[in-house]
Amino acid sequence: MAPGKKGAVRGKRSNQHVERNYAERLHDLSIQSSEESEESTENSDDEAVPPSFAISMWDLNHCDPKKCSGRKLSRHNLIKNLKLGQRFPGLVLSPVGTQCVSPNDKEIIEKFGLAVIDCSWAKIDETPFGRMKSAHPRLLPFLVAANPINYGKPYQLSCVEALAAAMFITGHRKEASFYLSKFSWGHSFLELNSEVLDIYSSCSDSKSVVEAQNKFLQSVQSEKDTRSMWPSSSDSETDSEEVENQEKS
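Remember, predicted model here, so these are calculated numbers, not experimental data.

Draft legend 1. Inspection of the overall build of the protein at higher detail. When helices and strands are tallied, the protein shows 10 helices and 5 strands. Counting over 249 residues, the protein shows a buried share of 52%. Long-range pairs, those at least 24 residues apart, make up 78% of the contacts in the protein between residues at least 6 apart in sequence.

Right, dumping it as structure tokens:
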């Protein structure tokens, strides 16, 4: 999923060249959270509830069906497929947005629903965003992926991660947990981004989310650290194969 690939909010965002120090810091969070994973799994059922609002997506058929989180949600009847040219009345996570999703969007989602555009980062320039219309297009602020394909990469979230992020920021934390619980790696997304998600969800509107994002990035990029980075690409590919096998249904 690509909400914000091109996406600066008024020129203030960048999707590339994020300092390694931030990744290293998140790696620490991952290690710490894994030690508590057993307890978190036991409590996940109590912390997750299905949403009462509509969840939809435009599927551009760019992704491998076996690895696509949006396709898996569709197989489990947890998301409605939209057609090109079909207008969605709710909030849409899209690179054509000019504002970040914020707590101020809670009512829009509750009344009209939440949608995502399932497209490949490699084909972002040829994606017909003009045929996926909404009165409420939104970008996502800085977040790091936990899915096996793009683990540790800023902004390159899967569909379910993007949906969960928007839910969390708008005060629907249990609903976010519900969707992420369908994936073996889903809990890692909230753990890796726990600090910044809490910051975003305490903001009021898009402007304050962007300001909080920039302040957070400045603070983590000023840190100096020499510890190891994310797993190598070969490790990530192995993880991807393992998750693919685990999640076939």
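Draft legend 2. Geometry of the packing of aromatic side chains. Tallied over the entire structure, the rule returns 4 aromatic pairs. Between Trp58 and Phe88, the aromatic rings sit 6.5 Å apart at their centres with planes inclined by 75 degrees, giving edge-to-face as the arrangement. One end of the pair, Trp58, is in strand E1 (residues 55-59); the other, Phe88, is in strand E3 (residues 88-93), with 30 residues separating them in the sequence. Phe88 matches Trp58 in its accessibility class, with the two residues each being buried. Taking 5.4 Å as the distance between ring centres and 90 degrees as the angle between the ring planes, the aromatic pair formed by Phe142 and Tyr155 counts as edge-to-face. Highlighted residues: Phe142 in the loop between strand E5 (134-138) and helix H5 (159-169) and Tyr155 in the loop between E5 and H5, separated in sequence by 13 residues. When the ring centre of Phe183 is taken as origin, the NZ or CZ atom of Lys72, which lies over that ring, is 4.8 Å away.

Draft legend 3. Expanded view of the packing of H5 against helix H8 (residues 194-201). Packing of H5 against H8 brings their axes to within 8 Å, and their N-to-C directions diverge by 50 degrees. Judged on the interaxial angle alone, H8 and H5 are oblique. Where H5 approaches H8, its residues Ala165, Phe168 and Ile169 are matched on the opposing element by Leu197, Asp198, Tyr200 and Ser201.

Draft legend 4. Geometry of the sheet that holds strand E4 (residues 114-118). What the 5 strands build is an open sheet, ordered E2-E1-E4-E3-E5; its pairing is parallel. Looking at which strands have only one partner, the edges of the open sheet turn out to be strand E2 (80-82) and E5. Put simply, the sheet's adjacent strands are angled 35 degrees from each other on average, direction ignored. The pairing of E1 with E4 spans 5 bridges and is parallel. Across the sheet, Ile55 pairs through a bridge with Leu114, a residue of E4. Lying on the sheet, H5 is in contact with E1, E3 and E4; it crosses E4 at an angle near 155 degrees.

Draft legend 5. Up close: helix H6 (residues 173-180). Across the 8 residues of H6, 6 count as buried, placing the element largely inside the fold. Turning to H6, its buried residues number three or more, namely Glu175, Ala176, Ser177, Phe178, Tyr179 and Leu180.

Draft legend 6. Structural detail: the packing of H5 against H6. Running from N to C, H5 and H6 point in directions that differ by 165 degrees, and their axes come no closer than 7 Å. By the criterion of interaxial angle, the relationship of H5 to H6 is roughly antiparallel. The hand of the H5/H6 crossing is left-handed. Note on element contacts: H6 touches H5 through Arg173, Glu175, Ala176, Tyr179 and Leu180, opposite Val160, Glu161, Ala164, Met167 and Phe168. Split by residue class, the contact of H5 with H6 holds 7 nonpolar, no polar and 3 charged.

Draft legend 7. The side chain of His172, seen in detail. Among the structural elements, His172 can be located in the loop between H5 and H6. The class of His172 is buried, set by a relative accessible area of 4%. With near-sequence residues (within four places) excluded, His172 lies in contact with Phe53, Lys106, Ile109, Glu110 and Met167.

What counts as what
- Residues numbered from 1 in each chain as written.
- Predicted model: local features only at pLDDT ≥ 70, side-chain atom pairs only at ≥ 80, totals over all residues.
- Heavy atoms only, no water.
- Helix = DSSP H or I, 4+ residues; strand = E, 2+ residues; numbered from the N terminus.
- Buried < 20%, exposed > 50% of the residue type's maximum accessible area, 1.4 Å probe, protein only.
- Contact = heavy atoms within 4.5 Å.
- Phe/Tyr/Trp six-rings, centres within 6.5 Å; stacked < 30°, edge-to-face > 60°.
- Lys NZ or Arg CZ within 6 Å of the ring centre and 35° of its normal.
- Axes fitted to C-alpha atoms, helices over the stretch in contact; angles between N-to-C directions.
- Parallel < 35°, antiparallel > 145°, perpendicular 65-115°, else oblique.
- Pairing = 2+ DSSP bridges.
- Left-handed = near helix turned anticlockwise from the far one by under 90°.
- Nonpolar A, V, L, I, M, F, W, Y, C, P; charged D, E, K, R; others polar.

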